[in-house]
Amino acid sequence: MDLRSTPGLSLEIKPDLYKSVPQGMFINVFNLLYYHAGAVGETALHVASLYNNKGAAIAILNAFPFLVDEPIDCEMYRGETALHIAVVNQNVELITELLGVNADIKCSRAVGTFFTPGRECRCYYGEYVLSFAACVGNKQIVKMLVAHGAPLNAQDTLGNTVLHMLVLHTDKSMACKMYNFISSLISKENMEHLENITNSHGLNPMKLSAYEADVEMFSHFMMKRRQVYWAFGPVSSSLYDLTGIDTWGDTFSVLDIICSSKKKEARKLLNITPVREVLHHKWTNHGFKFFMLWTTLYILYLIMFTLCCVSRPLTPAGAGGDNITIMVVKPLNVRTDPLLSLIPKALNSLCFVANIKLFSFSHNLGNCFLIVISRIVYGCLVLITMILRVLNHEWETVIMAYALISAWCNVIYFARGFKLLGPLCIMIQKMIFGDLMRFCYVLIIVIIGFGAGFNVHFQALNPHIYSYFKDFPITIFTLFQLMMGLTELQGTPHIMIPDIIIVLYMVYMCFGFLLLLNLFIALMGDTHFRVVSERKSLWKAQIASTTLLLERRLPAWLWARTGIPGDLLGLDGFSCLLDISKSFTEYSKKWIDRIFVGKTRQPIAHSSVPQTVVD
C-alpha cells in the first residue's frame, strides 16, 4: 500500500522541505511549522515517515520525542501513527529508531474509516502495529515487534487478532508462511491459547477460515493438527485433533459452519482430511441407518394418511339420500357402523399427530428451500382438512386432494440419502427454481395477452358452437392446453371463422408453442450442463446437512462420539482424535491416474474409519 497516493492526504508541510533544508537549520524551520498541521491532521513526523526520510524523522524525534505516538486526527486516518506508516513502507531502519524512543506498540490503533471494514475501507490490516506488520509479510519487522512486547492477543474493533488477519489476507501463501513464523516465535501453549481466541462473531482462526470458505488456509490448519502416530515404511498412521471440528459439545463447529454456508467454495472443504473422514464415519455408522428408519416411518405414515382419505364414510347425495350416482362425505353426527367409523377417525388422528411430529423434526432440511416450502404447505393443508372435516364443509375434499399431492411429493426429500437418486433431486430443484419459474413468468404474460385477444373476437360468436372459447377463463385454459399439446380443436367447416382469429391462432402457435416451449427445453439443457459438474458436490453437502440434522435431534446415547479419546493414546491434551492410515498403494494409484488417465483421486481413508457412501 502506497500511502502517498491515498485520497485526502494533501500534505501542506511539503516533503521537499526535508530534502532542501540543511539538518542544522531544520529544527528552526520546524519550530515555525509545528503548529501548522496538514489537511488531514498529519504532523511532520508522519510526512517524514511517509516519504522514508530517516534523517528528518530522527531530527524531529530528537527535538520533539513526544510526537512518536501522535496519531493523525481525522475521520479517515484516525489513530494512524508514524510507526504504522513505517511498518507499511517496511522501513526497518526507521522502525528501529521509533522503537528506540519507546513508540507505543500495544495501544496504538488505526481506527479510521480507511482502515476499518466499511464502504470507505481501503486497507483492513487489523488496526494494531503487529497486525500491520504481519499483513505486510515482513518477518524481520514482526520479530522486532514481538521482541519489544507487541501483544499477539490484541483484538481490534471486530475482535480479530493477528491470526485472524492472516486468515483474511488475500495472499494465502504468504499468510501461511507468516502464520508458521509467528508460531515459531512463541511457545506451544501460548499458540494454542491464541488459536482459541474468538472474534465478535464467535470464530477462532480455524473456524474463520471455514466461514470464509478458504480452502488453502483451512488445509493449512488441518495439516498443523496432523500428528504422525506411527509409520512403517510406506504405511503411516496420523492422528487429527477433532476439537472445534466435530459437533460433539460444540454448537458452532466447523461442520456446522460448512453446512450452513451459502458459498460454493465451502463444499470443497468437505473433501479435506479429516472433515471428509468424520462425515463419512458419521453417515455410514449412524446417519444412514437412522435416515432409513426415518424414511420407512414416513412412508408408513403416508400410507396411513392415504388410507384415511380414501376410506372416508360416504353417503348418497340428496335430501333423502336417493341420488346414488353422486356421493358426499357423511357428516360426523350421522351414526355409522362402529368399525367403519372408528378406524378412519383413529387413523386420521394418528396421521395428524404424526405429521406435526415429523414436521417439527425436519424443519431444518439443509438449505433445501423447496422441501421447506413443501413441508409448510403440507402441514397447513392437513390442519385445514381436519378443521373442514369437523365443520362438514364441502371444501374438505379439495384441500385433502392438495394435501395428498404435497405429502407424496415430499418423498423426494428422502431420495437424497441414495447415490442413485440424490443428484437427480438436486437437478430437479435447480430446474424448478431456475428455468421453470422464469418460463412460467413469461408464459403467464403470453397466455393472458393472447387469451384477451381471442376472447374479444369469440364474444361475438355462438358460445355453444365454440365451447372452448365461451369465456375468458376457459379461453386461457384452452390456450394452455394447446401449448402443451393436450387438446385438439374440432373444426366446423360449415361455419365461417373470421380471418383475424385464424391469424391470431397462427401467431400464437408460432410464438407460444414453437418458440417458448423449445426455449424452455433449451434452458433446461443449459441448466443440466451447468449443474452436472457440481451436482455431486451439492449432494454431498446435503448428505452432510442431513447427518448433522439427525445428530442434533437424536439423543446422545443413540449417537456415539466420533474418534478415539486422547487419554487412551497417552495424549491427555486432546479430547478426541481421529486415526487415519495411508499406504503407499494409494499414492501410487493417485500418481498413475495423474500421468496416464489425467484424473486426480483423493486418498482413501482406512483403519477405524469406514469407506464413504457418498464418494
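For the structure, see preceding data.
Parameters at a glance
- Residues numbered from 1 in each chain as written.
- Predicted model: local features only at pLDDT ≥ 70, side-chain atom pairs only at ≥ 80, totals over all residues.
- Heavy atoms only, no water.
- Salt bridge = Lys/Arg side-chain N within 4 Å of Asp/Glu carboxyl O.
- Helix = DSSP H or I, 4+ residues; strand = E, 2+ residues; numbered from the N terminus.
- Buried < 20%, exposed > 50% of the residue type's maximum accessible area, 1.4 Å probe, protein only.
- Core = buried A, V, L, I, M, F, W, Y, C linked by side-chain atoms within 4.5 Å.
- Contact = heavy atoms within 4.5 Å.
- Polar contact = N/O pair within 3.5 Å; in protein donor to acceptor, adjacent residues only side chain to side chain.
- Axes fitted to C-alpha atoms, helices over the stretch in contact; angles between N-to-C directions.
- Parallel < 35°, antiparallel > 145°, perpendicular 65-115°, else oblique.
- Left-handed = near helix turned anticlockwise from the far one by under 90°.
- Nonpolar A, V, L, I, M, F, W, Y, C, P; charged D, E, K, R; others polar.

A. Just the pattern of salt bridges, in detail. Applying the stated criterion across every chain yields a total of eight salt bridges. Of the charged contacts in the structure, one is a salt bridge between E93 and K54, with a shortest N-O distance of 3.6 Å. Here K54 lies in helix α4 (residues 54-63) and E93 lies in helix α6 (residues 92-100), a separation of 39 residues in the sequence. The partly exposed category is assigned to K54, whose relative accessible area is 28%. Between E212 and K263 there is a salt bridge whose closest N-O contact spans 3.4 Å. Of this pair, E212 sits in the loop between α12 (205-211) and α13 (215-225) while K263 is found in the loop between α14 (254-260) and α15 (275-310), placing the two residues 51 residues apart along the sequence. Assessed through its relative accessible area of 32%, E212 is described here as partly exposed. Salt bridges here are not isolated pairs; linked through shared partners, they connect D246, K282 and E551.

B. Inspection of the nonpolar core at higher detail. L83, L98, L145, I182 and F218 are the most contacted members of the largest nonpolar core, which totals 85 residues. Looking at this core, the element that brings in the most residues is helix α10 (residues 172-185), giving seven residues. Among residues more than four places away in sequence, those in contact with L83 are I95, L98, L99, A103, D104, I105 and V129. By size, the runner-up hydrophobic cluster in this structure holds 30 residues, among which are C309, M400, M427 and L549.

C. Local environment of the side chain of T116. Note on placement: T116 falls in the loop between α6 and α7 (129-136). Taking the relative accessible area as the measure of exposure, T116 reaches 18% and is therefore buried. There is a polar contact of 3.1 Å between the side chain of T116 and the backbone oxygen of G112. Look past the residues within four positions of T116 in its chain and what remains in contact with it is A110, V111, C121, Y124 and E127.

D. Local environment of α13. Looking at α13, one finds that the buried residues are M217, F218, H220, F221 and M222. Its side-chain oxygen at 3.3 Å from the backbone nitrogen of E216, D214 defines the N-terminal cap of α13.

E. Quick peek at the packing of helix α21 (residues 472-484) against helix α22 (residues 499-531). One way to put it is that α21 packs onto α22 with a least axis distance of 9 Å and a crossing angle of 55°. On the basis of the axis angle, α21 is oblique to α22. In this structure, α21 crosses over α22, and the sense of that crossing is right-handed. In this structure, α21 uses L479, F480, L482, M483 and M484 to contact α22, whose residues at the interface are Y505, Y508, M509, G512, F513, L516 and L517. Here the contact of α21 with α22 is built from residues that sort into eleven nonpolar, one polar and no charged.

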